[in-house]
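Residue-level structure breakdown
Residue strings, one per chain:
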Amino acid sequence: MTERDELREQIHTLVAAYYRQAHSAVPFTPGESRVNYAGRVYDERELTAAVDAVLDFWLTAGPRAATFEDGLARFLGLRHALAANSGSSANLVAVSALCSQRLERRLQPGDEVITPAVGFPTTVAPLVQNGLTPVFVDCELGAYNLDPEQLEPALSERTRALFFAHTLGNPVEMDPVMAFARAHNLYVIEDVCDALGSAYDGKMVGAFGDLATLSFYPAHHITTGEGGAVVTGNSKLARIAQSVRDWGRDCHCRYNSPPNGACGRRFEWRIPGLDEPYDHRYLFTEIGYNLKMTDMQAAIGLAQLEKLPDFIAARKRNFSCLYQDLRCYEEFLILPTWSKRADPSWFAFPITVRPGAPFSRRDLITFLEGRNIETRLLFAGNIVRQPGYRHIKHRTVGDLPNSDIVLRSTFFIGVYPGLDDARIAYILETFADFVDSL
Ligand SMILES: Cc1ncc(COP(=O)(O)O)c(C=O)c1O
C-alpha cells in the first residue's frame, strides 16, 4: 500500500468516527423531536464517499458522475441517464431538447403542451421559457394526477406534447395516457422527480415517455444535495439533451475520452462558412446551458443508489402504516388513491380535508405543526392562481375545480425512511388527539 493509500484509509476511518460523533441518530422524544416530512438519510458511507471525491479533487462531472449516470440508467432499465444540477434543470433540459432543430417534429413556440394545473412550478416554467403554451387540466382528488378524462377536451390542432409528474410518487394511469399520446403523435415527458422506483404494470415510471426527469434534492428518494437527471431510452434525444445540458456543444465526450475525442476526429469538424476545420468541443449545435452535476454530488448519489431498494421498501411500509390507521377518519379526510396497476414508491402521504368537514386544513396542520409534526402543501396547488403564473399565456380545460380544492384543502405528511415505528405511532396518536379535540 502506498503512503497515499494509507493516508486515505486513515481519513476514511476518521470520517466514519466523525459521523458517529456528529451525525448519528438522536433518540426520539415525542412532542420535542421534530417529525420531519422528509430529509437526508445517510451514514458514514455518504460522508466517506464525498470526502473521497474531494481528495481526488475532480471538481466537475468526472468518473463518479459517469458511474452514477450508468447506475441510474440501469436501475430504470433505460439506456441513458444524464446527471444534472437539479430536477428543475432536468425539466428545462428535457423540454428544451424537444425544441431542438435537429428533430423533425420539434416543439415550436406557440405549440401546446398538456400539463396538470396541480404540481410543482418548475414542471411548467420550462414550457413558458421555451415559448410553449401550457394547457392545464384538472386532477383527480386522492390521486392528484392529471385526469385522463381531461385529455380529449384539452386537445387542439397545436397540441404536441404531454408533460406531467407522477404526483408524490403516485403513478399516473399510464394506459389511457400513453394510448392518447400515441393516437395523437404527442411527445411524453414524465416528471419522475417524486417517484423514483414507482412502477405501473410492472414497468418503472420514467420508462414510458420519450424523456423523464429525476430530482435528488434532500426530500427525494435519494439525494445528492442539489441534483437531478434526465433519463431516456432514445439515443438521439439523449445526445440532444446532453448538448442542452453541456453549454449546447455538439461534442458528447465523457470525462475519459481520448485527446482526439470519442469521435476520433475532434479537430476536423466543420462550421459553415469557415474553410478551416474546427474543434468539436466548441461546435455548438443547440441553445444550451451548463446544468451538470459535480463529482462530489455524484459520489454521494452512488452511495445513496445502493440504498435505494431499502429506501423504497421503507417508504412503502410507512405509507401503509399511516394508511391503515388513518382510514377511520375518511369521513373527514380524503385519503390517497392509486391505480390497481400501480406500485407507488411514495414520496409523501397526501391528505385532503373534505369540503364540509368540521375543521379546516389550517386547523389540522396548525395542530400537527404544534405537536412538532412537519407538514407541506401540495406544492403550488392550482398553479394558475400563483402570482408568477397567473399572467402566462395558457389555456385551461374548464374551471379546474379539483385543483382549487387542492389549493385550499390538501397537504401532506412524510413517509420517508427517517420515520421509524415510534415516529409513525406518534403521528397516528396526534391525529387521534386532534379528532378527540373536535
Ligand atoms: C414534481 C417535481 N418536479 C420538479 C421538482 C424540482 O426539483 P429540484 O428541487 O431538484 O429542482 C420538484 C421538487 O421537489 C418536484 O416535486
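As a starting point, this report considers the structure included with it. In this text the structure is predicted, and so the values were computed from the model without any measurement.

**Let's talk about unusual backbone geometry**
For Asn185, which is not glycine, the phi torsion reads 55° and is therefore positive. Here the phi dihedral of Trp247 falls at roughly 70°; this positive angle occurs in a residue that is not glycine. With respect to the helices, strands and loops of the structure, Trp247 is situated in the loop between α8 (235-245) and α9 (295-326).

**Concerning the packing of aromatic side chains**
This structure, assessed with the given rule, holds 19 aromatic pairs. Between Trp58 and Tyr255, the aromatic rings sit 5.4 Å apart at their centres with planes inclined by 85°, giving edge-to-face as the arrangement. Taken together, the positions of Trp58 in the loop between α2 (44-56) and α3 (63-76) and Tyr255 in the loop between α8 and α9 put the pair 197 residues apart, joining distant regions of the chain. Classification of Tyr255 as partly exposed rests on a relative accessible area of 34%. Site record: aromatic cluster; members linked through ring pairs are Tyr37, Phe120, Phe347, Phe379 and Phe412. For the cation-ring pair, Arg105 lies above Tyr187, with the distance from its terminal atom to the ring centre recorded as 4.3 Å. Its guanidinium or amino end placed over the ring of Trp269, Arg265 lies 4.2 Å from that ring's centre, counting from NZ or CZ.

**Some thoughts on the packing of helix α10 (residues 361-370) against helix α12 (residues 421-436)**
Packing of α10 against α12 leaves a shortest axis separation of 10 Å and a crossing angle of 130°. Classified by the angle their axes make, α10 and α12 are oblique. Here the hand of the crossing between α10 and α12 comes out right-handed. Counted together, Asp363, Leu364, Phe367 and Leu368 of α10 and Thr430, Phe431, Asp433 and Phe434 of α12 form the full contact between these two elements. The residue makeup of the contact of α10 with α12, split by class, is 5 nonpolar, 1 polar and 2 charged.

**Focus on the sheet that holds strand β6 (residues 199-200)**
Backbone hydrogen bonds hold the strands of a sheet together, and the pairing may be parallel or antiparallel. Here we have 3 strands laid out as an open sheet, ordered β7-β6-β11, and antiparallel in their pairing. One side of each edge strand has no neighbouring strand; the edge strands of this open sheet are β7 (203-204) and β11 (342-343). Bridge count between β6 and β7: 2 bridges; the pairing is antiparallel. Within the sheet, the bridge partner assigned to Ala199 lies in β7 and is Met204.

**Remarks on the environment of Val137**
Its location among the elements puts Val137 in strand β3 (residues 133-137). Of the residues examined, Val137 reaches a relative accessible area of 0% and is grouped as buried. Spatially, the C-alpha atom of Val137 lies 9.1 Å from that of Asp399, the residues being 262 residues apart in sequence. When near neighbours in sequence (up to four residues on either side) are disregarded, Val137 contacts Ile114, Thr115, Pro116, Ala117, Leu146, Gln150, Ala154, Val397, Leu400 and Ser403.

**What about the packing of helix α4 (residues 87-97) against α8?**
Between α4 and α8, whose axes approach to 9 Å, the crossing angle comes to 125°. When the axis of α4 is compared with that of α8, the two are oblique. Regarding α4 and α8, the two cross each other, and that crossing is right-handed. For the pair α4 and α8, the contacting residues are Val93, Ser96 and Ala97 in the first and Ile240, Ala241, Val244 and Arg245 in the second. Broken down by class, the residue content of the contact of α4 with α8 amounts to 5 nonpolar, 1 polar and 1 charged.

**Re the site of the ligand**
Lining the immediate surroundings of the ligand are 16 residues, of which Gly87, Ser88, Asp191, Asp194 and Ser215 lie closest. At a separation of 2.7 Å, an oxygen atom of the ligand approaches a polar backbone atom of Gly87. Interatomic distance of 2.5 Å between a side-chain N/O atom of Ser88 and an oxygen atom of the ligand. Starting from 390 Å² of accessible surface for the ligand in isolation, the protein chains cover 91%. If you list the elements that add at least two residues to the shell around the ligand, you get α4 and α5 (121-129).

**A look at the sheet that holds strand β1 (residues 80-84)**
On the basis of which strands lie adjacent, the open sheet formed by 8 strands has the order β1-β9-β8-β5-β4-β2-β3-β14 and mixed pairing. Bordering the open sheet on either side are β1 and β14 (395-396), each of which pairs with just one other strand. Bridge count between strand β8 (residues 211-215) and strand β9 (residues 228-232): 4 bridges; the pairing is antiparallel. Bridge pairing in β9 links Ala212 to Val231. Together, β2 (112-116), β3, β4 (159-165) and β5 (187-191) form the strand contacts of α5, whose direction differs from that of β3 by roughly 145°. α8 contacts β1, β8 and β9 of the sheet and is inclined by roughly 15° relative to β1.

The rules behind each value
- Once a new chain begins, its residue numbering starts again from 1 and follows that chain's sequence as written.
- pLDDT decides what is reported in this predicted model: residues at 70 or higher carry local features, side-chain atom pairs at 80 or more are listed and counted, and totals for whole chains, interfaces and linings draw on all residues regardless.
- The side-chain values count all of the structure's non-hydrogen atoms but skip hydrogen atoms and water molecules.
- Helix numbering and strand numbering both begin at the N terminus, where a helix is a DSSP run of H or I of at least 4 residues and a strand a DSSP run of E of at least 2.
- Pairing of aromatic rings covers Phe, Tyr and Trp, the last through its six-membered ring, and needs centres within 6.5 Å; plane angles under 30 degrees mean stacked, over 60 mean edge-to-face, and all others mean tilted.
- Each residue is assigned to one of three classes by its accessible area relative to the maximum for its type, calculated with a 1.4 Å probe on protein chains only: buried under 20%, partly exposed between the two thresholds, exposed over 50%.
- Any Lys NZ or Arg CZ that is within 6 Å of a ring centre and within 35 degrees of that ring's normal is treated as a charge sitting over the ring.
- Convention adopted: a line fitted to C-alpha atoms gives each axis, helices being fitted over their contacting stretch, and angles between N-to-C directions are expressed from 0 to 180 degrees.
- Each angle receives one of four descriptions, namely roughly parallel if under 35 degrees, roughly antiparallel if over 145, roughly perpendicular if within 65 to 115, and oblique otherwise.
- Left-handed describes a crossing in which the near helix is turned anticlockwise from the far one by less than a right angle; the clockwise case is right-handed.
- Here, residues are in contact when the closest pair of their heavy atoms is within 4.5 Å.
- All residues other than Ala, Val, Leu, Ile, Met, Phe, Trp, Tyr, Cys, Pro, Asp, Glu, Lys and Arg, Gly among them, are scored as polar; the first ten of these are nonpolar and the last four charged.
- Two strands pair if DSSP finds at least two bridges between them.
- Working definition: residue near molecule or strand if any one of its non-hydrogen atoms lies within 4 Å of it.
- Distance and chemistry together define a polar contact, namely a pair of N or O atoms within 3.5 Å, with one atom able to donate a hydrogen and the other to accept it when in protein, and with adjacent residues in sequence counting only for side-chain atoms on both sides.
- Accessibility throughout is a Shrake-Rupley quantity obtained with a 1.4 Å probe, and a residue counts as covered only by protein chains that appear here.

Purely geometric numbers; function is a separate question.
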